[in-house]
Amino acid sequence: MPVCINEARPGGKIRYEWSNGKGAGFYLTGEYLELEPYSRIVHVERMFMPDATPDNHVETRFDPDGAGTLMTMRMTLPDAQTRAAMLATGMEHGMEASYARLDATF
């Protein structure tokens, strides 16, 4: 991830860029809409594959769960075609692997 811009405040910008180190990759941009410390984040993002997808509204919640925290992320896309295109990238596997690595550090 050669670029990681994350301005965590309402109106703050997001830009993440991924690269396979061989000239291929993709990126996303977005903005934060709401932040409730320790409980909720709402943002909008668009993936560039290479053209921008329609806005994806994302709500992430953090709830106590025993000795840990349950994170629930809900992505709301404008239509089934956009959802299918995003899933075709395999993004859920990359997201799961990233969260598993993060979980293993704690």
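Residues numbered from 1 in each chain as written. Predicted model: local features only at pLDDT ≥ 70, side-chain atom pairs only at ≥ 80, totals over all residues. Heavy atoms only, no water.

In terms of helices and strands, the protein carries two helices and six strands. Considering only C-alpha atoms, the protein reaches an extent of 40 × 30 × 25 Å along its principal axes. A total of 106 residues make up the protein; the buried ones form 21% of that total. The long-range share in the protein, meaning contacts at least 24 apart out of those at least 6 apart in sequence, stands at 14%. About 7,400 Å² of surface is accessible on the protein, with carbon and sulfur atoms providing 56% of the total. (Helix = DSSP H or I, 4+ residues; strand = E, 2+ residues; numbered from the N terminus. Buried < 20%, exposed > 50% of the residue type's maximum accessible area, 1.4 Å probe, protein only. Contact = heavy atoms within 4.5 Å. Areas by Shrake-Rupley, 256 points an atom, 1.4 Å probe, with all protein chains shown as cover.)

The two faces of the sheet receive side chains in turn, since in a regular strand these alternate between them. As paired strands, strand β2 (residues 13-19) and strand β3 (residues 25-36) are joined by seven bridges and run antiparallel to one another. The residue of β3 that forms the bridge with Glu 17 is Tyr 27. Two successive antiparallel strands, β2 and β3, enclose a turn made up of five residues, where Gly 21 displays a positive phi of approximately 80°. From the end of β3 to the start of strand β4 (residues 40-48), which pair antiparallel, there are three residues, and Tyr 38 there has a positive phi angle of about 70°. (Pairing = 2+ DSSP bridges.)

A word on the pattern of salt bridges. It is possible for side chains of opposite charge to pair when their charged atoms get near one another. Evaluated as defined, the whole model comprises eight salt bridges. In this structure, the salt-bridge partner of Arg 46 is Glu 31, at a minimum N-O distance of 3.2 Å. You can see Arg 46 sitting in strand β4 and its partner Glu 31 sitting in strand β3, a full 15 residues away along the chain. For Arg 46, a relative accessible area of 16% translates into the label buried. Among the ionic pairs, Asp 55 bridges to Arg 46, the shortest N-O distance being 2.9 Å. Each of Glu 34, Glu 36, Arg 40, Glu 59 and Arg 61 takes part in a single network of salt bridges with overlapping partners. (Salt bridge = Lys/Arg side-chain N within 4 Å of Asp/Glu carboxyl O.)

Mapping Thr 60 onto the fold places it in strand β5 (residues 56-65). Excluding anything up to four places from it in sequence, Thr 60 contacts Ser 39, Arg 40, Ile 41, Met 71, Thr 72 and Met 73.

Turning to helix α1 (residues 80-88), a few remarks are in order. Along an α-helix, residues three or four positions apart point the same way, because every turn accommodates 3.6 residues. For α1, the side-chain oxygen to backbone nitrogen distance between the N-cap and Gln 81 is 3.2 Å, and the N-cap itself is Asp 79. Among the residues trailing α1, Gly 90 stands out with phi positive, at a value near 80°. (Polar contact = N/O pair within 3.5 Å; in protein donor to acceptor, adjacent residues only side chain to side chain.)

Let us look at a nonpolar patch on the surface. Together, Met 71, Tyr 99, Leu 102 and Phe 106 line one region of the surface with nonpolar side chains, adding up to about 450 Å² of accessible area. The residue Leu 102 is located in helix α2 (residues 91-104) in this model. Given a relative accessible area of 47%, Leu 102 falls into the partly exposed group. (Patch = residues over 30% accessible without salt bridge, like charges linked within 9 Å, V, L, I, M, F, W, Y side chains within 5 Å.)

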